[in-house]
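So you can see what is in the structure, the chains are spelled out below.
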Amino acid sequence: MKTALITGITGQDGSYLTELLISKGYSVHGIVRRSSTTVRARLDHLFHREDIYNKRLFLHYADLADTTTIRRIMLKCTPDELYHLAGQSHVGASFDIPETTCEFTAMGTLKLLEIIRDLEQKPKFLHISSSEIFGRPDQSPQNEMTPMRPVTPYGIAKAFATQMVTLYRESFGLFACNAICYNHESPLRGESFVTRKITRAAAAIARKHQESVSLGSLDGRRDWGFAAEYVDAMWRMLQHDHADDFVLATGTHHSVKDFLDASFKAVDLDWQDFVKQDPRYMRPSEGTRLVGDASKAERELGWKAETTLPKLAELMVEADLQRIDASETKPAF
Ligand code: G4F
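This is a predicted model, so every value here is computed, not measured. (Residues numbered from 1 in each chain as written. Predicted model: local features only at pLDDT ≥ 70, side-chain atom pairs only at ≥ 80, totals over all residues.)

**Quick word on the overall build of the chain**
We apply this condition: Secondary structure counts use DSSP, requiring at least four H or I residues in a row for a helix and at least two E residues in a row for a strand, with both numbered from the N terminus. Based on C-alpha atoms, the radius of gyration is set beside the globule rule, defined as 2.2 Å times the residue count to the power 0.38. Once C-beta atoms are placed from the backbone, each residue is buried if 20 or more other C-beta atoms lie within 10 Å of its own, exposed if 12 or fewer, and partly exposed for counts between those two. Here, residue contact means that the backbone-derived C-beta atoms of the two residues sit within 7 Å.
When helices and strands are tallied, the chain shows 10 helices and 13 strands. Taking 2.2 N^0.38 as the reference for a compact globule, 333 residues should give roughly 20 Å; the C-alpha atoms of the chain span a radius of gyration of 20 Å, in line with that estimate. In terms of overall dimensions, the chain has C-alpha extents of about 60 × 55 × 40 Å along its principal axes. The buried share among the 333 residues of the chain stands at 46%. Within the chain, contacts between residues at least 6 apart in sequence are counted, and of these 80% link residues at least 24 apart.

**Thoughts on the site of the ligand**
Test applied: We call a residue near a molecule or strand when its C-beta atom, built from the backbone, sits within 6 Å of it. In this classification, the charged set is Asp, Glu, Lys and Arg, the nonpolar set is Ala, Val, Leu, Ile, Met, Phe, Trp, Tyr, Cys and Pro, and all remaining amino acids, among them Gly, are polar. As annotated, the domain borders come from an automatic or database domain assignment.
Taken together, 23 residues are adjacent to the ligand, and V91, S130, V194, G216 and G220 come closest. Across the shell around the ligand, the residue classes tally to 8 nonpolar, 10 polar and 5 charged. If you count residues domain by domain, the shell around the ligand takes at least three from each of domain 1 (3-185 + 223-248) and domain 2 (194-221 + 253-290 + 310-329).

**Looking at helix α6 (residues 194-206)**
Counted only if it meets this: Expected helix span is given by 1.5 Å per residue-to-residue step, counting one fewer step than there are residues.
For α6, built from 13 residues, the straight-helix expectation of 18 Å at 1.5 Å per residue is met to within 8% by its first-to-last C-alpha distance of 18 Å. Within α6, 10 of the 13 residues are buried, which leaves the element mostly enclosed by the surrounding structure. The complete set of buried residues in α6 reads V194, T195, R196, I198, T199, R200, A201, A202, A203 and I205. Against β7 (184-185), β8 (213-215), α8 (256-265) and α10 (309-329) lie the buried residues of α6. A positive backbone phi angle near 65° is found at K208, which sits one or two residues after α6.

**A short note on the domain arrangement of the chain**
Each assigned domain of the chain is listed here: domain 1 (3-185 + 223-248) and domain 2 (194-221 + 253-290 + 310-329). Listed by partner, the interface residues are 17 residues for domain 1 and 14 residues for domain 2. The residue makeup of the side of domain 1 that touches domain 2, split by class, is 7 nonpolar, 6 polar and 4 charged.

**Here's the deal with the environment of R42**
Note on placement: R42 falls in the loop between β2 (27-32) and α2 (44-47). Considered as a pair, R42 and R221 are 179 residues apart in the sequence and their alpha carbons are 28 Å apart. Beyond its immediate chain neighbours, meaning those up to four positions away, R42 contacts T10, Q12, S15 and L188.

**Here we look at the UniProt feature "active site" (unreviewed entry) in the chain**
Spelled out, the test is: UniProt positions are given in the numbering used here, feature names are shortened, and annotations may be inferred rather than shown by experiment.
UniProt records the feature "active site" (unreviewed entry) for Y182 in the present numbering. For Y182, a count of 26 C-beta atoms within 10 Å puts it in the buried group. If we ignore the near neighbours within four places in the chain, the residues touching Y182 are S131, D223, G225, L248, A249, L290 and G292.

**Focus: unusual backbone geometry**
Of the consecutive residues S140 and P141, the connecting peptide bond is found in the cis state with omega at 0°. Inspection of the secondary structure assignment puts P141 in the loop between β5 (124-130) and α5 (153-172). Backbone geometry places T78, a non-glycine residue, at a positive phi of 30°. With respect to the secondary-structure elements, T78 resides in the loop between α3 (67-77) and β4 (81-84). The backbone of D268 shows a phi angle near 55°, a positive value even though the residue is not glycine. Secondary-structure assignment places D268 in the loop between α8 and β13 (275-277). Classification of D268 by C-beta neighbours within 10 Å gives exposed; the count is 7.

**Considerations on the sheet that holds strand β11 (residues 246-248)**
Let me state the cut-off plainly: When DSSP locates at least two bridges between a pair of strands, those strands are taken to pair. In this description, a line fitted to the C-alpha atoms serves as the axis of each element, helices being fitted only across the stretch in contact, and the angle between N-to-C directions of two axes falls anywhere from 0 to 180 degrees.
Pairing within the open sheet is parallel, and its 7 strands lie in the order β3-β2-β1-β4-β5-β6-β11. The strands lining the two open edges of the sheet, one partner per strand, are β3 (57-61) and β11. Pairs of neighbouring strands in the sheet enclose a mean axial angle of 20°, with direction left out of account. Bridge analysis of β4 against β5 gives 4 bridges, and the strand direction is parallel.

**A closer look at the pairing of β5**
Our working definition: The definition of a right-handed crossover adopted here requires that, viewed with the strands pointing away, the path from the first strand over the helix to the second runs clockwise.
Within β5, 7 of the 7 residues are buried, which leaves it mostly tucked inside the rest of the structure. Across the two faces of β5 the burial is the same, with K124, L126, I128 and S130 and F125, H127 and S129 all buried. Between the parallel elements β4 and β5, the chain passes through helix α4 (residues 98-118) in a crossover that is right-handed. By the bridge criterion, 6 bridges tie β5 to strand β6 (residues 176-181) in an arrangement that is parallel. Note that in β6 the partner of S130 across the bridge is C181. What joins β5 to β6 is α5, and the crossover it makes is right-handed.

Shown next as structure tokens:
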């Protein structure tokens, strides 16, 4: 049985990856931050499975800055594969908390690489990088060779981490890879990201729980795929015969307006009747023309994003409608 360690196990990607690895027979360890709440909704169904929780799925408390504890966890569970998904992942928020963003996203990654470098039994390492490293690129679509030109604190922190991963691979021989991910969404997406904010609003407006939704720029274009497919590519990267970097993307980009259109169409409404624009959600600087060329992943890993934007929006709206309907039929305590 292979053992995997995941940072950021309670996030969207961490949950899908855990499901995938458990289904492949792995023993999965996750690093979580200590907090006053133990609610980890995305993994709840696995915690209730007696054959899984504390048998093949284990959680350990540690902060990314706490290298002593992380080293101890690694020595204890001796992972074959380490998936590093944790970090401050909100691009807009990175303008408000740039130091925290760099501490976790940039330095957190370097600290993990340093720990691995000293280990006798080194796990294969996957870092979840981001299209934000390209910022305002000269070429579109972008591939693994496109120069980095980040324009947000988050993108700069990710560019640092990405280059460190490449450096440790080339200089110290680590099996270390960057999954350069474009936006990937799902019903498990956090509610402050634009897609989930829109699908939740479309469902709530359709059920008459909400009257409108406030958004920032509607012209931003993104390459949006389905998260469950992207974690499969991450796993394939660590099964590849050599460590490398791969762009993971759909290859098509759409505007926020397109996503609104598809989501409100799923509940037979016109988004223009419900959307307000609010300067609070505008960013001081934005990446542009971010669309990925994932042909290397297709060629070498046999991976291709399949879910198209209308389908993605539809399945997210459907999940949000089901959540509302389920909470309405729950007995009140
Ligand atoms: O959903 P977003 O916040 O995603 P963003 O900034 O592209 O970042 C996500 O994808 C990256 C690439 O994979 C990841 F690295 C990163 O960690 C994160 O997962 O915003 C998408 C677009 C932007 O143009 C933004 O300005 O939507 C626009 N937008 C318009 N109104 C909004 C809003 N974004 C948010 N979060 N909230 C709004 O109200």
